[in-house]
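Residue-level structural notes
Letter by letter, the chains look like this.
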Amino acid sequence: MPKPLTATIAWRYMLTKKKHGAVGTISTVSVCAMAIATAAILCVLSVFNGFHEIIGSRLDTLSPDVLLTPARGKVFASADSLASEISKFPGVAIATPTLTDNALIIANGQEMPVSLKGVYPGPYAKVTDIKSLIRENYGSYFTLQADTDENSPTTGLPQAVASVGAASRLRLTPDTPILIFAPKRHGRVNMANPLASFLTDSLNVKGIYRSDQQEYDEDGLLAPISMVRDLLQYEDEASAIEIQAESSTDASSLAERLANHFGDRFIVKDRLRQQEMNFRMVSIEKWVSYLILGFILIIASFNCISSLSMLVIDKENALSTFSALGMTARRIGRIFAWESIYVALAGGVSGLILGVILCLLQQNFGLIKIASDPSAAVISAYPVRLEWPDILLTLAPVIIIGLITAFLTARFARSRINSVS
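Residues numbered from 1 in each chain as written. Predicted model: local features only at pLDDT ≥ 70, side-chain atom pairs only at ≥ 80, totals over all residues. Heavy atoms only, no water.

Further remarks concern the packing of helix H1 (residues 5-15) against helix H13 (residues 329-365). Between H1 and H13, the shortest axis-to-axis distance is 8 Å and the interhelical angle comes to 55°. Looking at the two axes, H1 sits oblique to H13. Viewed along their axes, H1 and H13 form a crossing whose handedness is right-handed. Between H1 and H13, the contacting residues are Leu5, Thr6, Ala7, Ile9, Ala10, Trp11, Tyr13 and Met14 on the first element and Arg331, Arg334, Ile335, Phe336, Trp338, Glu339, Tyr342, Val343 and Ala346 on the second. The class makeup of the residues in the contact of H1 with H13 is 13 nonpolar, one polar and three charged. (Axes fitted to C-alpha atoms, helices over the stretch in contact; angles between N-to-C directions. Helix = DSSP H or I, 4+ residues; strand = E, 2+ residues; numbered from the N terminus. Parallel < 35°, antiparallel > 145°, perpendicular 65-115°, else oblique. Left-handed = near helix turned anticlockwise from the far one by under 90°. Contact = heavy atoms within 4.5 Å. Nonpolar A, V, L, I, M, F, W, Y, C, P; charged D, E, K, R; others polar.)

This brings us to the pattern of salt bridges. Once their charged atoms are close, side chains differing in charge can pair, the charge on each being opposite to the other. In the structure shown here, the tally under the stated rule is eight salt bridges. Lysine 74 serves as the salt-bridge partner of aspartate 101, at 3.1 Å between the closest nitrogen and oxygen. Placement of aspartate 101 in strand E2 (residues 92-107) and of lysine 74 in the loop between strand E1 (66-70) and helix H3 (79-87) is noted, with a sequence separation of 27 residues between them. Taking the relative accessible area as the measure of exposure, aspartate 101 reaches 18% and is therefore buried. With relative accessibility at 54%, the residue lysine 74 sits in the exposed group. Between lysine 286 and aspartate 390 there is a salt bridge, with its nearest N and O atoms 3.7 Å apart. In this pair, lysine 286 sits in helix H11 (residues 276-314) while aspartate 390 sits in helix H14 (residues 388-420), placing the two residues 104 residues apart along the sequence. Exposure class is identical for lysine 286 and aspartate 390. Each is buried. (Salt bridge = Lys/Arg side-chain N within 4 Å of Asp/Glu carboxyl O. Buried < 20%, exposed > 50% of the residue type's maximum accessible area, 1.4 Å probe, protein only.)

Checked against the element boundaries, leucine 392 lands in helix H14. Residue class for leucine 392 comes out exposed when judged on its relative accessible area of 61%. Separated by 40 residues in the primary sequence, leucine 392 and leucine 352 place their C-alpha atoms 9.7 Å from one another.

It is worth spelling out the side chain of serine 239 at this point. In this structure, serine 239 sits in the loop between helix H8 (225-232) and strand E8 (240-245). Within the local environment of serine 239, its side chain forms a polar contact with the backbone nitrogen of threonine 100, the two atoms lying 2.8 Å apart. (Polar contact = N/O pair within 3.5 Å; in protein donor to acceptor, adjacent residues only side chain to side chain.)

So, on to the confidence of the model for the protein. With 86% of its residues at a pLDDT of 70 or more, the protein has an overall mean of 84. Across residues 138-157, where pLDDT falls below 50, the model places 57 contacts with residues more than four positions away in sequence or in other chains. (pLDDT = per-residue confidence, 0-100.)

To continue, consider the pairing of strand E3 (residues 110-119). As judged from the nine bridges shared by E2 and E3, these two strands associate in the antiparallel manner. Bridge assignment links threonine 100 to a residue of E3, and that residue is lysine 117. In textbook terms, the turn of a hairpin is the stretch between consecutive antiparallel strands, and for E2 and E3 this stretch comprises two residues, one of which, asparagine 108, has a positive phi near 55°. Pairing between E3 and strand E7 (residues 220-224): five bridges, direction parallel. Within E7, the position partnered with serine 115 by the bridge is glycine 220. (Pairing = 2+ DSSP bridges.)

See below:
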């Protein structure tokens, strides 16, 4: 299909030297501004994709495939029998109850509030990836064994396993004795002897884990569920049932079937819903950044409109010539409309190429580092994941700006024809 005459003339105007040097300079600056803004949009979207991927990759550590929690209240009764019932559900490999509550621990003369979690060691080691999270120096002290009796409340974890945050704050090492306190659930507080309102127990630290997730690493403490129940004055209650799906079963569909089975008695979440807040924050920040950079791209397009308007003025003699040759004002306007489209595409496409190159370099070589302590950081460089939908999403505002600029420039060119004539 032959190129329209107006498009051919616009292409010649794009490449030929302008009568006034300032017009060419402004046009070059406009194209560069659009290219930089376009590249920035693609790079920022790819970085947020990278963070989204990092969050997803960390879900396999201490988050079970499916988590079942009570819809009302903190705990529910008959948790062991319910876990046994769920383990027979089609697609369920393991179901184990856990009991989580706040407590106070004292070690090395210091105290710290912790999130105390009681578990059955065997099933918990299978449902989560806790064994791989134990720090190298403490691996031999870890007592969560996957081959222990799954129904025994006492085997496998006779001691405590602390998070790296708690261990760092209290200077915990293997075999460090700790005292653990929890308020009594029944009875009144004795103001004359406040300590009488607390139940206490003692444990030894036998392992320290690090999951690189703040909610787990900051103040976590794992202990036998039997001890935690005694400390918190529970019998067979639990605050959650953690479920591992069979390898051939999709966890999301399993969570949906369990939710339909239990109705409104329990809240059932797959791994993504367990980290819903983190994913939502990343998505919100991604789209807010997209809108801000899109606004910057619109500001950059104003330079294009001004440079194209100056080009129309620069070609006023040509406008008169085209008009004398019988070219209508509409066709003359199309010349500069094509010129606008060429400028927008030049800036947009060059920006996309630049953005793709920068993303691939960062993705493969990690050139831009994160300013933090390398020993404490989960990642050392900004994560990047380039996706084709983001390329189309980045190109969309460029196309829209090009069409709007084409309309305004063509309209201005038609008005100049009338003023010249």
